[in-house]
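For reference, the chains in residue letters:
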Amino acid sequence: MNILETMRSALWSLQSNKLRSFLSMLGIIIGVAAVVGIVSVGLGAQSSVLDMVSALGSNLIMISPASTVARGGSVSGDAVDLFTVDLANHMQETVHNMSLVVPQVQGSGLLIYEGANLRATLVGTTPSYPEVTNYHVQTGRFLHELDVENATPVVILGSRIAENLFGQANPIGRELTYVVGDRRHSLTIIGVMESKGQVLMGNYDSQVYVPISYAMERILRTQTVSTLMAQAISAEAASTAVGDAEFLLYSRLGTTDGFNVTSQDEMLETMGDVAFTLQLMLAAIGGISLVVGGIGVMNIMLVSVSERTREIGTRKALGAKRRDLLMQFIVESLALSTSGGAIGMILGVLIAKAVSDFGGWATSIEGPALAIAFTFSALVGLVAGVYPAMQAAKLDPVLALSHE
Amino acid sequence: MNVMIEATKLTKVYQMGDEQVHALRGVSFAVQKKDFIAIMGPSGSGKSTMLHIIGCLDRPTAGELFIEGLNVQEAGGNKLAEIRNQKIGFVFQNFNLMAKATAVENVELPLIYAGIRKRERRQRALAALERVGLSDRIKHRPPELSGGQRQRVAIARAMVTEPAFILADEPTGALDTTTSGQILDLFAELNDEGNTVILITHDPTVAQRTHRIIELLDGRITRDSSRNGVGA
């Protein structure tokens, strides 16, 4: 009996028992759909996270104080105190692998323009900010060196802020009020940024940008900055630049604790690792349901063998060899699981599409993921089929024929 | 070759717990080509064991069995399956048809195991169904057929491989008298056409229709007669 005949007879046998075939497939269907759906959503999430990291800028290095716990009599915050505009300037002058070092402070407050008000994140920074973040003004201008020197009360709006407060009207030259606590600051709008969308650490479009001097002295009243953003002179120089910055901070602090220096590549790597681990975990959960599905198939195959004992005896009397019966039941099991796998794949793709259409999540359906899920379902069918098939093949024809 | 089956001192012993059951105690006989034989006996006489052994579903404990000169004793599992497929046409009391397959698909089944191509298979199956008078029932499934028709499908299935002999186990056991008569007529016709037919039965009226009766009791042949006097 050749393989084609075996397949034909297996499909025929499954067709003649549609409901049962479907029910025993269900586990595999759910398993494969889960794996495909999860992996697609996971890959989509991963690539959008990675996009967000890339959107931060080019060859970017983030330098920030780490939160430390004070021990004994020492005062926590030594590292925080170190982060000043002077440090940024010093770093830019001494670390040759860095072309730009941009300090940044952040605060939160309320923007008021005529009747409307809006909560916005305020970013105090320097004129090099657009270059480092690869984020530029759409209309008007960004900060100028003089704005920082003189601490002029000017502001550049994120695109969404501009749209929410002014709609289509040109906001340049107008005055708005920024309220932090009980202090009110009148700021002149000098520019509107281009739209950048969601990036890793918040949405640039809903921020406003002011001279760092004005932000520190007048609005936030602080001596320290929250982050330094540096740009390495090239992608190759990034890791050396990280080392240089670390050495500089270490020489000031006398410890390697208390600060983080992270290059964009490292962020990408970390995010990639996290996403991969998460995905592996989710896929493993899907895989467990596949295994459970496999047990279901095996169970049905065992039932089928014992139910069809007489049929097996008859087939043997008519000349079926052990191999024929072995093949028959393995192919039946394979047909069950791969049909389940195919349906599951379609279902998984539909789930992924639904998630991206209705949930607004990015999903990415990839061939290899489909192929792996399908192959795994076939493998499950094979493993689940072998034992029942062996039971069928080794049945004694005399006993099988007299089976009631 | 005119000797289809040659059995010499066939012995079958079953181990039932501590007890040994002697189902066959040295049975010898020969079956000629074109014989029409009934193997008779009450239950427990060893006729089922006889069916299993000459049907190559089981091996004797001792003794020798040749089918068309082939030594069954020396055959392995796959060889036995091949012998069953090519030399023996089984007909069962309960028909043992595949309930979800059509008549013609049922008849094709042994040809599938023989590795015959689909087109030839279909032709031969249709011819066999025509021979048993079921040309108008080829697409029917067993539940849509009467008992007699089902047994005709089974007979078509048994003869489609052109076996050395047809081996029928109580072929009329599940049929009424009229239908039984028709089935036995069919066996007689097939025998007239040159087929070797062996019926296993406990029913003397069935046995009467054959040309030779081998009676079994307690695992031994008590009578081996030919109705026309040509006993072996």
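Residues numbered from 1 in each chain as written. Chains lettered and ligands numbered in written order. Predicted model: local features only at pLDDT ≥ 70, side-chain atom pairs only at ≥ 80, totals over all residues. Heavy atoms only, no water.

Residues and numbers for the sheet that holds strand S4 (residues 62-67) of chain B, please.
All names here are of chain B. Spatially, S2-S1-S4-S5 is the arrangement adopted by the 4 strands of the open sheet, whose pairing is antiparallel. The sheet terminates laterally at strand S2 (19-32) and strand S5 (70-71), the two strands that pair on one side only. Across 2 bridges, S4 lies against S5 in antiparallel orientation. Among the inter-strand pairings, phenylalanine 66 is bridged to a residue of S5, identified as asparagine 71. On top of the sheet, helix H1 (residues 47-54) reaches strand S1 (3-16), S2 and S4; it is set at about 60° to S2, its chief contact. (Pairing = 2+ DSSP bridges. Helix = DSSP H or I, 4+ residues; strand = E, 2+ residues; numbered from the N terminus. Contact = heavy atoms within 4.5 Å. Axes fitted to C-alpha atoms, helices over the stretch in contact; angles between N-to-C directions.)

Go over the side chain of A:Ser337 with me, naming the residues and quoting the values.
If you trace the backbone, A:Ser337 turns up in helix H12 (residues 322-358). For A:Ser337, the contacting residues outside a window of four places in its chain are A:Ile28, A:Ser377, A:Ala378 and A:Gly381.

Talk me through the pattern of salt bridges; I want residue IDs and the actual numbers.
Oppositely charged side chains may form a pair once their charged atoms are brought near each other. One pass over the full model with this rule turns up 19 salt bridges over all chains. As a salt-bridge pair, A:Glu307 and A:Arg20 come within 2.7 Å of each other at their nearest N and O atoms. Of this pair, A:Glu307 sits in helix H10 (residues 264-307) while A:Arg20 sits in helix H2 (residues 18-55), placing them 287 residues apart in sequence. The class for A:Glu307 is exposed, based on a relative accessible area of 52%. When its relative accessible area of 22% is taken as the criterion, A:Arg20 is described as partly exposed. A salt bridge links B:Glu82 to B:Lys79, with the nearest nitrogen and oxygen atoms 3.4 Å apart. With a gap of 3 residues between them, B:Glu82 and B:Lys79 both fall in helix H2 (residues 77-87), about one helical turn apart. (Salt bridge = Lys/Arg side-chain N within 4 Å of Asp/Glu carboxyl O. Buried < 20%, exposed > 50% of the residue type's maximum accessible area, 1.4 Å probe, protein only.)

Can you explain helix H3 (residues 103-113) of chain B? Please cite residues and give values.
Counting buried positions along H3(B) yields 10 of 11 residues, so the element is predominantly enclosed. Of the residues making up H3(B), those classed as buried are B:Ala103, B:Val104, B:Asn106, B:Val107, B:Glu108, B:Leu109, B:Pro110, B:Leu111, B:Ile112 and B:Tyr113. Where the residues of H3(B) are buried, they touch helix H1 (3-15), helix H11 (309-317) and H12 of chain A together with H2, helix H4 (118-131) and helix H5 (147-159) of chain B.

Kindly report on the confidence of the model for chain B, identifying the contributing residues and their values.
In the predicted model, chain B carries a mean pLDDT of 91, and 97% of its residues have values of at least 70. For the stretch residues 228-232 of chain B, pLDDT sits under 50, and the model shows 5 contacts to residues farther than four places along the chain or on other chains. (pLDDT = per-residue confidence, 0-100.)

Before we move on, can you summarise the interface of chain A and chain B with the specific residues and values?
Frequently, the measure chosen for interface size is the accessible area removed from exposure when the parts meet. Facing the 22 residues of chain A at the interface are 23 residues of chain B. Together, the buried faces of chain A and chain B total about 2,100 Å²; carbon and sulfur atoms form 59% of this surface. At the junction of chain A and chain B, the tally comes to 1 salt bridge. Residue B:Glu82 is joined to A:Lys321 by a salt bridge in which the shortest nitrogen-to-oxygen separation is 3.2 Å. Counting every contact that joins chain A to chain B gives 5 residue pairs in polar contact (both at pLDDT 80 or more). Top contributing element to the side of chain A that touches chain B by residue count: H11(A), with 6 residues. (Buried area = accessible area lost by both parts, 1.4 Å probe. Polar contact = N/O pair within 3.5 Å; in protein donor to acceptor, adjacent residues only side chain to side chain.)

Please provide a residue-by-residue account of a negative patch on the surface, values included.
Residue and element names in this part refer to chain A. Taken together, the side chains of Glu246, Asp265, Glu266, Glu269 and Asp273 make up a negatively charged region of the molecular surface. Top contributing element to the negative patch by residue count: H10, with 4 residues. Looking at where aspartate 265 falls in the secondary structure, it is placed in helix H10. Relative accessible area serves as the criterion here: at 48%, aspartate 265 is assigned to the partly exposed category. (Patch = residues over 30% accessible without salt bridge, like charges linked within 9 Å, V, L, I, M, F, W, Y side chains within 5 Å. Areas by Shrake-Rupley, 256 points an atom, 1.4 Å probe, with all protein chains shown as cover. Lys, Arg positive; Asp, Glu negative; His and termini not counted. Charge placed at Lys NZ, Arg CZ, Asp CG, Glu CD.)

Give me the domain arrangement of chain A: which residues, what numbers.
By the assigned domains, chain A splits into domain 1 (3-52 + 270-401) and domain 2 (67-257). Relative to domain 2 of chain A, the C-alpha centre of domain 1 of chain A lies at a distance of 55 Å. (Domains from an automatic or database assignment.)

Go over unusual backbone geometry, please, and point to the residues and values.
All names here are of chain B. Of note, the phi angle at glutamate 68 is positive, near 45°, even though the residue is not glycine. Tracing the backbone through its elements, the reader meets glutamate 68 in the loop between S4 and S5. Look at glutamate 68 and you get partly exposed, because its relative accessible area is 28%. Although it is not a glycine, glutamate 170 sits at a positive phi angle of roughly 45°. Here glutamate 170 shows up in the loop between strand S7 (165-169) and helix H6 (177-192).

Break down the nonpolar core for me, with residues and values.
Counting 49 residues, the largest nonpolar core has A:Ile63, A:Met91 and A:Met98 as its most contacted members. Here this core takes 6 residues from helix H9 (residues 238-253) of chain A, the largest share from any one element. Formed by 35 residues, the second largest nonpolar core is a distinct cluster that contains B:Phe29, B:Met50, B:Leu51 and B:Leu57. (Core = buried A, V, L, I, M, F, W, Y, C linked by side-chain atoms within 4.5 Å.)

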